[in-house]
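# Understanding the architecture of this molecule
For reference, the chains in residue letters:
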Amino acid sequence: SGVFNGRNQTIDGLTINSSLGWIGLFGTIDWNGLVRAVHLTNVNITGQVGNIIIGSLAGENDGLITTSSAQGVVTSGPPNIISEPDGPIAFGADIGGLVGSNLGTITKSSTNVLVNGNTAYTAGGLVGEGSGSVVDSSAAGNVIGGNGAWIGGLVGSGGTIIRSFATGSVTA
C-alpha cells in the first residue's frame, strides 16, 4: 500500500528471472496502492515456471496505476504439471506487458512489450487477466499465446476496457 511517484523518470534494463509467485518491479500493488509516472525501458522479465503472475511493472495490481509505461520483453516459463488420479493437470501463468493480473484500475498507460506467453494460461499486451478496469491505455507489442490460452492484444481475459486499444499482432 502507499504511493510510488516515479516523477516521469525511466528505469532502464530491469531484468528479473524468477520462479516466485508474483513477478514485476512490484510483486503486488495493494488495493489502496498508487503507482504513478513510472517508465520502464529494455525490460527482460522471465517467469521460470507456470502458475505464477508476471508483468513488467507489477505481477498483480489491486490498486491504481496511472501514466506509466513499459518497453521490452516479458516471457512465461513452462507450466506447472500436477499429477492427479485422472491424469496430469497443467497450470500456466497469467502474463501481461504491464501487469499479469489486474483487479484494480490502469489509466493513461502504455506498453510496447513482446509478451511471450507460449505456455501461459492468459496473455495480453497490457494485462494478462483480471476483473479490473483499463482506461485510456494502449499496447503496441506483439503477443504470443499457447494453444488453448486466453490471449489478446490489450487484455488476455476479463475486465472493463474504456477508450483503449492495441496495435500489435496476436499469435496462438
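Nothing here was measured: the structure is a model prediction, and the numbers come from that model.

## Looking at the environment of G104
Along the chain, G104 falls in the loop between β13 (99-102) and β14 (105-107). Among the residues examined, G104 registers a relative accessible area of 7% and is labelled buried. Taking the C-alpha atoms as reference points, G104 and N32, separated by 72 residues in sequence, lie 9.4 Å from one another. Aside from chain neighbours lying at most four places away, what touches G104 is N61, D62, G63, G132 and S133.

## Thoughts on the sheet that holds strand β6 (residues 53-54)
In space, the 5 strands of this open sheet follow the order β3-β6-β12-β16-β21, with parallel pairing throughout. At either end of the open sheet lies a strand with only one pairing partner, and these are β3 (22-23) and β21 (150-152). Pairing of strand β16 (residues 122-124) with β21, which is carried by 3 bridges, proceeds in the parallel orientation. By the bridge assignment for β21, A123 is matched with I151.

## Details of the environment of D12
Residue position: D12 is located in strand β1 (residues 2-12). Judged by relative accessible area, D12 falls into the exposed class, the value being 52%. Along the backbone, D12 and W31 are 19 residues apart, and their C-alpha atoms lie at a distance of 27 Å. Discounting residues that sit within four places of it in the chain, D12 has contacts with T41 and N42. Within polar-contact distance, the side chain of D12 engages the side chain of T41 at 2.6 Å. At 2.6 Å, the side chain of D12 and the side chain of N42 are in polar contact.

What counts as what
Residues numbered from 1 in each chain as written. Predicted model: local features only at pLDDT ≥ 70, side-chain atom pairs only at ≥ 80, totals over all residues. Heavy atoms only, no water. Helix = DSSP H or I, 4+ residues; strand = E, 2+ residues; numbered from the N terminus. Buried < 20%, exposed > 50% of the residue type's maximum accessible area, 1.4 Å probe, protein only. Contact = heavy atoms within 4.5 Å. Pairing = 2+ DSSP bridges. Polar contact = N/O pair within 3.5 Å; in protein donor to acceptor, adjacent residues only side chain to side chain.

Shape descriptors only; they carry no functional weight alone.
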